[in-house]
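Structural overview for review
What follows is the residue order along each chain.
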Amino acid sequence: MTEEPAAVPPGRLVLLTMSHRVAPGLLSWPAWQVLRDADRVLCADPDHPQLPYLRQAGVTVETAAPTGQQLVDATAGGRTVVYLPPDAGADPAVTDELARLGGSGRVAMPELELLPGSYDLPGARLLDLVRVMDRIRAECPWSSTRTHEDLAAYGIEEMYELVEAIEEGDRTAVREELGDVLLQVVFHAAIAEGDPEEPYGIDDVAAGLITKLIHRHSHIFGDEQARTPEEVRAIWLRRKGAEKARESVTEGVPVAAPALALAAKLAGRARAAGLPLPAVPAAPGAGDETALGDHLLAEAAAAQSAGIDPERALRQAARRYRAATKAAEARRAAQTGSGTGTGTGTGPSGDADADAADTTGRTVEGG
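Summary of the structure given here. (Residues numbered from 1 in each chain as written. Predicted model: local features only at pLDDT ≥ 70, side-chain atom pairs only at ≥ 80, totals over all residues. Heavy atoms only, no water.)

**Re the packing of helix α8 (residues 202-216) against helix α10 (residues 229-244)**
Formally: For helices, the axis comes from a line fit to the C-alpha atoms of the stretch in contact; other axes are also lines fit to C-alpha atoms, and the angle between any two N-to-C directions lies between 0 and 180 degrees. Helical segments are the DSSP runs of H or I of at least four residues, strand segments are the runs of E of at least two, and each set is numbered from the N terminus. An angle below 35 degrees is read as roughly parallel, one above 145 as roughly antiparallel, one from 65 to 115 as roughly perpendicular, and any other as oblique. Note on contacts: a residue pair is in contact if any heavy atoms of the two residues lie within 4.5 Å.
It is at 9 Å that the axes of α8 and α10 come closest, and there the two elements cross at 125°. The angle between α8 and α10 falls in the class oblique. Between α8 and α10, the residues in contact are K212, L213, H215 and R216 and I235, W236, R239, K240, E243 and K244, respectively.

Now the structure itself:
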């Protein structure tokens, strides 16, 4: 009786992916195990960042860019083949071909395994952002010549757009605007890194922020106790005061802030220090700019004492006024059959007249 030949076990093909955001050589134990036990290890990228560490560990790596069929053939006879795609990522051409071969039913396929050798840590994409920004800073004719002063206005603008998206409840817009604000941070850090006298980079910025957060959260990273938001705020203010050693409560309040926000911040600092708040003056007369300023200052201080953000309150009132103005324009347009502009100025919507009315105190109609 003739014995049948023993069945040849199927081979094993491992597609080993890894994050380029993790330091080379830091692979998971299953990844190291399969690499050391494999019959062949193939890598399509001769400059793959892991190659020096694999060779140092005694793993023989063949530099090759195989097709899907060639990888299948390499596993014949029950062999284990590990394939490292280029750039530590995926290889769509190979994976698509393997899918076609497996779906054809005409090819004896090996056991296929996708093995992540390393994973991205939270915040890993920030490394990509820094790398992209560094390249833009080096190669872009516009970006490479920008200074902190050039970008200052953009930072203010982006924060306003973020606030608007938050107040409108648009989560998609909030995510986008957060990205634009983050761009300002990495852009300024890239500029600072090129300073010839006192350079610092994004890592220095992050390190300073980490130190500040740990110091001011001693109820988390230290021995202090804080069970309420008020207690947390007290710790924050006390430790911030010790850090800054300021001679006046007004120090650190940016005078470039919007006027109402500036007034409220100053009043809040004064109230917390037990200092007098501005008295509420009489309503200002026509053309009395100083009296109007004093009046607005007192109103902002009163709002801050009542727990109201005067800047936000006025902004919301302006939004309501804008909506009412648009509604009035629509009603007038429906009555007259005309457009929505005032038609009284030199521009398409009477903007010149509106600007003039703004500066002389007359009522602005139509916006």
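**A look at the pattern of salt bridges**
When the charged atoms of two side chains lie near each other, side chains of opposite charge can form a pair. The test is simple: By convention in these notes, a salt bridge is any Lys or Arg side-chain nitrogen within 4 Å of a carboxyl oxygen on Asp or Glu. Relative accessibility under 20% of the residue-type maximum defines a buried residue, over 50% an exposed one, and the middle range a partly exposed one, all with a 1.4 Å probe and only protein chains included.
According to the stated counting rule, one finds 10 salt bridges in the structure shown. For R12, the salt bridge goes to E113, with nearest N and O atoms at 2.6 Å. Of this pair, R12 sits in strand β1 (residues 12-17) while E113 sits in strand β5 (residues 111-116); the two residues are 101 residues apart in sequence, bridging distant segments of the chain. Residue R12 is classed as partly exposed on the basis of its relative accessible area of 29%. With a relative accessible area of 29%, E113 lands in the partly exposed category. Of the charged contacts, one joins E167 and R312 as a salt bridge, the two residues approaching to 4.0 Å between their closest N and O atoms. With E167 in helix α6 (residues 148-167) and R312 in helix α13 (residues 310-336), this residue pair connects regions lying 145 residues apart in the sequence. Its relative accessible area of 25% is what places E167 among the partly exposed residues. The network of salt bridges with common partners includes R125, D128 and R131.

**Focus: the pairing of β1**
Defined as follows: The criterion for strand pairing is that DSSP finds at least two bridges linking the strands in question.
Buried residues dominate β1, accounting for five of its six residues. Where β1 meets β5, six bridges bridge the pair, whose relative direction is parallel. Directly across from L15, in β5, lies its bridge partner L114.

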